[in-house]
Amino acid sequence: MARVHKISRRVQNIRISATKLMPMLAARIGGCVSLGQGVPSFPTPPHIAEAVSRALRDEPGIGKYSLQPGMPVLREVIAGRLAEEKGFVVDPGTEVGVTVGAMEALLMTMLTVVDRGDEVIVPSPGYASHAEQVLMAEGVPVYVPLRPADWGLDVEAIRAAVTDRTRAVILCNPGNPTGTVYDEADVRALCALALEQDFVIISDETYDFMVYDAAGNPAPMPFSPASLPEMRDHVICINSFSKKYALTGWRVGYVAADKRWMDELLKVHDAAAICAPTVSQYAALAALTGPQDCVDAMRSALCLRRAQTCAALDGMADHFSYVIPRGAFYVMARYRFSHAASPEVARRILEEARVITIPGGSFGPEGEGHLRLSFGGEQEELAECFSRLGAWVRENA
Ligand SMILES: Cc1ncc(COP(=O)(O)O)c(C=O)c1O
């Protein structure tokens, strides 16, 4: 091969995740409906769009770079939220960075924390991009199974996996793809382990607003490691505006951490992005300072869709089993009708039933034998998905 086309080892080692590939395949096939989306169906709330339109008219700075860590007023509001909701007290001037989605914040973190050969513990199944980002930093993702009965955090298994190369554990709470909300006691035990063994918890809190109680009603946020003052040096807290305010396309999120971390994280941010899009920072500001009933409305709609999804799976109990999700808008459905690997099952369902699902194996070894189903879509679309899936399963199982 010509030398010019030699690809770096770090890029050779990573892949585009199945969550992005399946919709691309579906677009080629045509006529598909989706249980694959990582995006709830809601449009950007009108008051956010209005605020951005006003700012486009009135704020000459909106078309320019913001300060590198983000607009000061937005960082102030984020710091206020973190203190109020999680008891995480950070200096908005030096300990909050506005990023290009949670994704950039996560990558900044991996590149800052992980050296070649360092290990990062990734509870499995887990969000595929976490492991890809560890690989991109030339680290080693060490998969530690979640408890299979409830997808809970197995802190003893994590303890057993810690070595002198362990730099971090990823905590995604609520979890994608499992929809688990980890017990506070387990999160506290993980924090104690982080202090004892001196590793960092990378806390991905993208879905913290999306939690259901046992009856399926909205419930309080999960416990964050950042709530514990003693964790200050051992936690990097990441969040997103994408799902909570239906702003996935605006690409805005943030990272909050002790200044000693933030000074380093911002070097990567500078090299990667300079700053988050200023126009999107105005959207984030309007989202945080405006009425919150849009979040309540989305949460209530997702509660209904969750109930619809669980009912549909219960109706196919001979073919699928699952753990009831307590957060986010995903469920891992274990299929009983085939021993084939999940990419093969998902491909057949896509081609033959024209329903997008995500192969569970793409979320780590423990995801194999499952399909990740998202209930972010409209209820009519979900109904169509389950009608097609039910018919396919009856014919093929
Ligand atoms: C767990 C998790 N973290 C981070 C992200 C990325 O979020 P953002 O759109 O803010 O980059 C996603 C998106 O699906 C996610 O599921």
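It should be emphasised that the depicted structure is a prediction, and the values quoted were computed from it without experimental measurement.

Caption draft 1: Layout of the sheet that holds strand 10 (residues 330-335). Strand order in the open sheet formed by four strands is 9-10-13-12, with antiparallel pairing between adjacent strands. The sheet terminates laterally at strand 9 (320-322) and strand 12 (358-359), the two strands that pair on one side only. Of the strand pairs in this sheet, strand 12 and strand 13 (residues 370-374) are connected by two bridges, and their pairing is antiparallel. Residue Ile 358 lies in a different strand from strand 13, and its bridge partner there is Arg 372. Contacting strand 9, strand 10 and strand 13, helix 11 (residues 293-314) crosses the sheet at an angle of about 135 degrees to strand 9.

Caption draft 2: Structural view of the packing of helix 4 (residues 72-86) against helix 10 (residues 278-289). Interhelical geometry of helix 4 versus helix 10 gives an angle of 35 degrees and a closest axis separation of 10 Å. In terms of crossing hand, the pair formed by helix 4 and helix 10 is left-handed. Judged by residue contacts, Val 73, Leu 74, Val 77, Ile 78 and Arg 81 of helix 4 engage Gln 281, Ala 284, Leu 285, Leu 288 and Thr 289 from helix 10. Each residue belonging to the contact of helix 4 with helix 10 can be placed in one class, and the counts come to seven nonpolar, two polar and one charged.

Caption draft 3: Structural view of the site of the ligand. Close contacts around the ligand come from 14 residues, with Asp 204, Tyr 207, Ser 240, Ser 242 and Lys 243 the closest. Between an oxygen atom of the ligand and a side-chain N or O atom of Ser 240, the distance comes to 2.6 Å. Residue Arg 251 places a side-chain N or O atom 2.8 Å away from an oxygen atom belonging to the ligand. Contact with the protein chains covers 93% of the free accessible surface of the ligand, which is 400 Å². In terms of residues, the shell around the ligand owes the most to one element, helix 5 (residues 101-113), which gives four residues. For the shell around the ligand, the class distribution of residues is six nonpolar, five polar and three charged.

Caption draft 4: Local environment of the nonpolar core. Counting 104 residues, the largest nonpolar core has Ile 78, Phe 241, Tyr 245, Leu 313 and Phe 320 as the members making the most contacts within it. Ranked by the residues each element gives to this core, the list is headed by helix 11, at nine residues. Viewed by domain, this core spans two of them, domain 1 (8-44 + 293-396) and domain 2 (46-289), each represented by three or more residues. Among residues more than four places away in sequence, those in contact with Ile 78 are Val 96, Val 98, Phe 241, Tyr 254 and Leu 288. Core analysis: the second largest hydrophobic core is formed by 24 residues, Leu 106, Val 200, Ile 236 and Leu 265 among them.

Caption draft 5: The packing of aromatic side chains, seen in detail. Enumeration over the complete set of coordinates arrives at nine aromatic pairs. Ring centres of Tyr 207 and Phe 329 lie 5.6 Å apart, and the angle between their planes is 80 degrees; this geometry places the pair in the edge-to-face category. Taken together, the residues span a long stretch of sequence, with Tyr 207 in the loop between strand 6 (200-204) and strand 7 (235-240) and Phe 329 in the loop between strand 9 and strand 10 at a distance of 122 residues. The same class applies to Tyr 207 as to Phe 329, namely buried. Among the aromatic residues, those joined into a ring-pair cluster are Phe 320, Tyr 335, Phe 337 and Trp 392.

Conventions adopted
Residues numbered from 1 in each chain as written. Predicted model: local features only at pLDDT ≥ 70, side-chain atom pairs only at ≥ 80, totals over all residues. Heavy atoms only, no water. Pairing = 2+ DSSP bridges. Helix = DSSP H or I, 4+ residues; strand = E, 2+ residues; numbered from the N terminus. Contact = heavy atoms within 4.5 Å. Axes fitted to C-alpha atoms, helices over the stretch in contact; angles between N-to-C directions. Left-handed = near helix turned anticlockwise from the far one by under 90°. Nonpolar A, V, L, I, M, F, W, Y, C, P; charged D, E, K, R; others polar. Near = heavy atom within 4 Å. Polar contact = N/O pair within 3.5 Å; in protein donor to acceptor, adjacent residues only side chain to side chain. Areas by Shrake-Rupley, 256 points an atom, 1.4 Å probe, with all protein chains shown as cover. Core = buried A, V, L, I, M, F, W, Y, C linked by side-chain atoms within 4.5 Å. Buried < 20%, exposed > 50% of the residue type's maximum accessible area, 1.4 Å probe, protein only. Domains from an automatic or database assignment. Phe/Tyr/Trp six-rings, centres within 6.5 Å; stacked < 30°, edge-to-face > 60°.

Spatial relationships are all this shows, so hold off on functional conclusions.
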